[in-house]
Amino acid sequence: MGKEECMFCSLEQNDDQEIIFENDTCLYIQKASEQKILEGSGLIIPKAHVNQVFLLSEQEWKESRELLIEAKAWLDEKYAPDGYSVGWNTGETGGQTIPHAHLHVIPRFKDEPYAGRGIRYWIKQPENKRTSSENE
């Protein structure tokens, strides 16, 4: 998928996505369709089409962090979450479904059915053990 087909490079083509904050190199966006289950969740994305987090420039890293701090303050005031899950999925096997780097910012609440289960919870389940590994 090239820049022309990328949903994060063409935000204006999707009414579901709203820019909440931005700086020179990055945006913090929310998708209306995700708010029903992941209340307050959003993404920090570089404005430039960068396929994965490992290719971010030093400025994009710095400004991603700045937006993360800004988004947290805004989310704390608006939703008063009890915690956060924050993370990057990189590569298809790593769970990245859109080939444009994006940092998930997900407020977490004590009354969620999966409260207390973080990003690694599902990955470290016995069912996820590799079937073949040189480290066995």
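Note that this is a predicted model, so its numbers are computed, not measured.

Asker: Can you lay out the overall build of the protein chain for me, pointing to particular residues and giving the numbers?
Answerer: When helices and strands are counted, the protein chain shows two helices and five strands. What you see in the protein chain, going N to C, is helices and strands ordered as β-β-β-α-β-β-α. Across the 136 residues of the protein chain, 33% fall into the buried class. Taking as baseline every contact in the protein chain between residues at least 6 positions apart, the subset at least 24 positions apart corresponds to 53%. Summing over all exposed atoms, the protein chain offers an accessible surface of approximately 9200 Å²; the carbon and sulfur share of this is 50%. Taking the average location of the 15 positive side-chain charges in the protein chain and that of its 24 negative ones, the two points are 8 Å from each other.

Asker: Lay out the environment of Gly40 in plain terms, naming residues and giving numbers.
Answerer: Inspection of the secondary structure assignment puts Gly40 in the loop between strand S2 (26–31) and strand S3 (42–46). Between the alpha carbons of Gly40 and Leu56 there is a distance of 25 Å; along the sequence they are 16 residues apart. Sequence-distant contacts of Gly40, defined by excluding residues within four places in its chain, comprise Tyr28, Gln30, Gln35, Leu75, Tyr79, Val105 and Pro107.

Asker: So what's going on with the sheet that holds S3? Residues and values would help.
Answerer: With antiparallel pairing, five strands are arranged side by side in an open sheet as S1-S2-S3-S5-S4. Edge positions in the sheet fall to strand S1 (17–22) and strand S4 (83–88), since each of these pairs with one other strand and no more. Across the sheet, the mean angle separating the axes of adjacent strands is 25° when strand polarity is ignored. Across five bridges, the pairing between S1 and S2 is antiparallel. Note on S2: the bridge partner recorded for Glu22 is Leu27. The strands that helix H1 (residues 58–79) touches are S1, S2, S3, S4 and strand S5 (103–108); relative to S2, the one it contacts most, it runs at about 40°.

Asker: Tell me about the side chain of Gln30, and please be specific about residues and values.
Answerer: Tracing the chain through its elements places Gln30 in strand S2. What makes Gln30 buried here is its relative accessible area of 8%. Among the polar contacts made by the side chain of Gln30, one reaches the main-chain carbonyl oxygen of Gly40 at a distance of 3.0 Å. Leaving out residues up to four positions away in the same chain, Gln30 has contacts with Asp16, Gln17, Glu18, Ile20, Gln35, Gly40, Ser41, Gly42, Trp74 and Leu75.

Asker: Any chance you could break down the state of the cysteines for me, citing the residues and the numbers?
Answerer: If you walk through the whole model with that rule in mind, you get zero disulfides. For the unlinked cysteine Cys6, the closest cysteine sulfur is that of Cys9, found at 3.8 Å.

Here is what the cut-offs are and how they apply
- Residues numbered from 1 in each chain as written.
- Predicted model: local features only at pLDDT ≥ 70, side-chain atom pairs only at ≥ 80, totals over all residues.
- Heavy atoms only, no water.
- Helix = DSSP H or I, 4+ residues; strand = E, 2+ residues; numbered from the N terminus.
- Buried < 20%, exposed > 50% of the residue type's maximum accessible area, 1.4 Å probe, protein only.
- Contact = heavy atoms within 4.5 Å.
- Areas by Shrake-Rupley, 256 points an atom, 1.4 Å probe, with all protein chains shown as cover.
- Lys, Arg positive; Asp, Glu negative; His and termini not counted.
- Charge placed at Lys NZ, Arg CZ, Asp CG, Glu CD.
- Pairing = 2+ DSSP bridges.
- Axes fitted to C-alpha atoms, helices over the stretch in contact; angles between N-to-C directions.
- Polar contact = N/O pair within 3.5 Å; in protein donor to acceptor, adjacent residues only side chain to side chain.
- Disulfide = S-S within 2.5 Å.

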